[in-house]
Amino acid sequence: MEKLKLLLLAFLIGFSSTSWSQNQVTGVVTDNQDIPIPGVNVVVKGTSTGSATDFDGKYQIKANPGDVLVFSYLGYQTTEVAFNGEPTLDVKLEEDAAKLDEVVVIGYGSVKKSDLTGSVASVGFKEIQRANKVDAISALQGQAAGVVIQRTDNKPGSGGFNIRIRGASTINKNQTADQGGFNPGQNPLFIVDGIFVDDISFLNPADIERMDVLKDASATAIYGSRGSNGVVIVETKRGKTGDLKVNYSNYVGFKQAYHLPSMQDGPGYVEYLKDVVVGGQFASGNLSYTRNQVVLSDYLDSEELQNVADGISTDWVDLTLKNGFQTNHTINVSGGTEKTKYAAGLAYTKDEGTLGGEVFDRYNIRGSLTSDLTKWLNLSVSNYITNALQNSASWEGFRSAYRLKPIGRPYNDDGSLRFFPTQKETQITNPLFEPTGETKETKYLQYIGDIALQIKPLEGLTFTTKFSPNVKYTRYGEYRALYSKSVTGNPANRRAQVNNFNYFSYTWDNILNYKFTKGIHAIDFTGVISRFSERSEGYYNQVRNFTTDNYSFYNLDAGLDIRDVSSDFIKQTLESYTGRLNYTLMDKYLFTFTGRYDGASILAEGNKWAFFPSAAFAWKLIDEDFMQSQSIFSNAKVRLSYGKTGNNGQGGGLGPLKSQSLLAGSATNIGDGAVSTLYVTDIANKDLKWEKTSEINLGLDFGFLNNKINGSIDIYNRKNKDIIFYKRILAVTGFTGIYDNIGASSNKGIEIALNTVNIDKGDFKWTTNFTFASNKNTIDKLNGSDIFFNEGGTNFIHRVGEPIGAIYDYVFDGIWQLDEAAEAATYGQTPGQVRVKDINGDGEITADKDRQVIGQATPKWTGGVTSTMNYKNFDFAFSINTSQGNKLMSNFHSNNSFPYDDDPSRLFNAYDVNYWTPTNPTNNWYQPGNGGQYQHTIKYKDISNTRVGFITLGYTLPSNILDKLKIEGLRIYTTVQNPFIFTDYDGWDPDSAGRNSWGASYLSRTYMLGLNLNF
């Protein structure tokens, strides 16, 4: 027993001496310019002991003499240094050439950037954090070449975006002008932690580690039919080896509407009314009629005349505007050992609009865990939950504020709100009632997650099975109260509506990966068997005629008039078999071969399956012997790829069962009674097959001056064939239409990304990132004649040789002047009206001979600049993006310059534009009340614009203060989001110029103050 005690005592003494022999090691990690690097991971090799550098590059860690410390940081070479017992150990990290060791996610795996063969753009958490957006997709704007982002809805939490990666390929029957001529079905595929989702507006941007945009067919081919519009892979933050790290970030701010068009004030409206009366006379041929002949009492009642006499001039827009509050709180924790890593986060976001009632609240909870259960088995689990509520408020208040006469009063004499601004007004109600008079509330709970088991049976061989569900419950509730514009004080029109949607999908991936290296050869093979299944249910209820507003939409039984009780169910599956082989020869010649075999349930029998292959080659020129003696290039790599992807028709509006003949309900009379009947709507198309897209891409990655200038250039040619489109059929056939493969299209373009280190000297460093992309879209083939359609007043055409959804109309040619009255008469027009070009010069204007393509809804080129400067503890950054060469029919001008129903007494307010009168013979705008039959052509507006995305100024507390506070880092910053827009478009927001003003909201800028805290 004594021997056992002595042995135990010796062990404890030995253990204690070992523990006591550990030394506290401190130091600073810097780059080649001796600038401290924050966030460097410092780990004692072979142990779980870890730390990280603070904002001044300082670290501290316990180690034994002889231990090896490993220093690693993204963009720098991992460095190992032996600890010799000295208490101070400073380390200098070497920057990777153009960050070529940065890991890029390419789908079912990742590669070093230096080994990339396809075209991929990446945006890291620093860029996302710097952009500081409420919605994740906005962080990509201007930072990824070839990615066009158009915001179609400015209401908080709307998630209204059109995203085009290298243009549009397919044609959709539901294209609308408010979506820029294209539909959301052409948005890219989003993959969040391996889970397919339709959009990423539910994510908290502060939770995102990086976003990788797969652009060419070689990069997207691994997703087959899902990748035809490009792929955006989103990775949320995960745990890292080291001690527990806690990060808290917060910002608060307020939003302010801007870029507001000026409307007529009270006196201006009266003069405008007179000009409308004169215009009506001109339209009837009476060119001698003048303002002096207008009798206001013919058009204004006694109350309105008194308001004019009293100088009433109500700015309805200003009355409805308010400053919106915005805030975000995010707390993240992470850490782990070499075997087990964990991360968790909690966030709250509030975003108010600039109209009363507009509000968006979002709560995010996330957690992830990965653990090596054994040497050959790893388990990983991640969960992401979002609970959000969006109230888009009244859709009437916005446009009512612009329509109302400024000579009306918003308040009664006792200070109460006046429902109709004048006794005569019966069309437009006081918009100040709308924030409480109408509710449009969307509430959703969404869960995405995955559980994965990875087995490593042999060296270099792994097998992973991963199940990833996506569950979303959405409730939409709407209530229109007695004092709202849509009810106008009639109790029978009170309306409550509740829609419930249940969505569930899952992806089950089984992934086999094998890596083998021998001598000059390296092989990386990935094989995938995947199944994707989704189903959704919808339930719709609408009831009217309530006796009180107290119930909102929570008591449908109280309504006396049931208007809608309906439901629907949709289900589809996709099964895929995928293989990818990466072969590297001498670490200089890179080959990638990919094939995916997809089967889609929604296509016709016999055409459900298709194969999508791709091949890519990259040559690291910089590693060749003949490049070693030159000093110009510090990086040079050539990439060439070709591949095919597909579209199972969803981009073209095809859904489950829509390739088949379907029945719809109707009714007819037999004798004296009504009898329910069924009829066939669409014709089944058993030959309907996949859309297929093929693309060739040539790219060059380059670097100069030791990569102080680096970037890439890509040239591509993408061709799309067998486009799926819903063709209308003449009603006399007894059918409505048919889904068919109707043609082909192409996109050709160039993309440039350039990164520069402008100054890197002493305490000052200045870097800039540039992006440029130009795309030409063309329809190459149509089976049949041109396809014409009109949406939102815009006339579109699908025609061979022209872009998809080209704008097709007459060409505006100024305003007919008084001295051109005789010539105008030959065209059946009068002075003051809009003149259009007689294209063929035959003396008459005809639709088939005098219309032509006058523009396109998508930009011809886009670009962006992001610049960052650091001086000691200060940082400054700004971002600019531009979109050029697109136009649309402006809804603002269509509704506010000048709608007219031949009754001046019902006249809406109008845009304060320089319009034509007999004494002001301008060509800027037509005569009010006398626009003529071609007046719409002046309302096609160039919506090119350049925006400043953000301007940020920050300050990081120095280390001596941080040490006293016992925290690792604290940065305080101020930011202004969307501070400026430069455009010739004089409506609201050029991005949403085509959308209807019903339900629209203002362009806004946000001033915010925030902090990032690490401890």
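None of these values were measured; they are calculated from a predicted model. (Residues numbered from 1 in each chain as written. Predicted model: local features only at pLDDT ≥ 70, side-chain atom pairs only at ≥ 80, totals over all residues. Heavy atoms only, no water.)

**Some details on the pattern of salt bridges**
Applying the stated criterion to the full structure yields 44 salt bridges. Here K440 ties to E438 by a salt bridge, and the two come within 3.7 Å at their closest N and O atoms. The exposure classification of K440 matches that of E438, with both residues buried. The network of salt bridges with common partners includes R166, K215, E695, R718 and E751. (Salt bridge = Lys/Arg side-chain N within 4 Å of Asp/Glu carboxyl O. Buried < 20%, exposed > 50% of the residue type's maximum accessible area, 1.4 Å probe, protein only.)

**Details of the environment of Y348**
Note that Y348 resides in strand β19 (residues 340-352). Sequence separation of Y348 and N364 is 16 residues, and the distance between their C-alpha atoms is 6.5 Å. Look past the residues within four positions of Y348 in its chain and what remains in contact with it is T327, N328, H329, D361, R362 and Y363. For Y348, the side chain forms a polar contact with the side chain of D361, separated by 2.6 Å. (Helix = DSSP H or I, 4+ residues; strand = E, 2+ residues; numbered from the N terminus. Contact = heavy atoms within 4.5 Å. Polar contact = N/O pair within 3.5 Å; in protein donor to acceptor, adjacent residues only side chain to side chain.)

**Re helix α5 (residues 302-309)**
Buried residues of α5: E303, E304 and N307, and no others. Along the axis of α5, the buried residues cluster in a sector spanning 100 degrees; they form a single face. Exposed residues pointing more than 90 degrees away from the buried face of α5 are listed as S302 and A309. At the N-terminal end of α5, a side-chain oxygen is found 3.2 Å from the backbone nitrogen of E303, two or three residues along, and the residue is D301. One or two positions beyond α5, positive phi appears at G311, with a value near 75 degrees. (Arc of directions from axis to C-beta.)

**Quick notes on the environment of K571**
Inspection of the secondary structure assignment puts K571 in strand β26 (residues 561-585). Distance from K571 to R535, taken between C-alpha atoms, is 4.2 Å for residues 36 residues apart in sequence.

**Here's the deal with the packing of aromatic side chains**
Remark: the centre distance and the inter-plane angle together describe each pair of aromatic rings, the angle taken between the planes. Evaluated as defined, the whole model comprises 46 aromatic pairs. When the centroid spacing of 5.8 Å and the interplanar angle of 85 degrees are considered together, the rings of F898 and Y926 count as edge-to-face. Of this pair, F898 sits in the loop between α10 (891-896) and β47 (940-942) while Y926 sits in the loop between α10 and β47, and the two are 28 residues apart along the sequence. The class for Y926 is buried, based on a relative accessible area of 1%. Taken together through their ring pairs, the aromatic side chains of Y269, Y272, F898, Y915, W925 and Y926 make up a single cluster. (Phe/Tyr/Trp six-rings, centres within 6.5 Å; stacked < 30°, edge-to-face > 60°.)

**Concerning the confidence of the model for the chain**
Averaged over all residues, the pLDDT of the chain equals 87, while 93% of them reach at least 70. Confidence over residues 3-21 falls short of pLDDT 50; this stretch has four contacts with residues more than four positions distant or in other chains. Segment residues 173-184 is flagged for pLDDT under 50; beyond a separation of four residues in sequence, or across chains, it makes 46 contacts in the model. (pLDDT = per-residue confidence, 0-100.)

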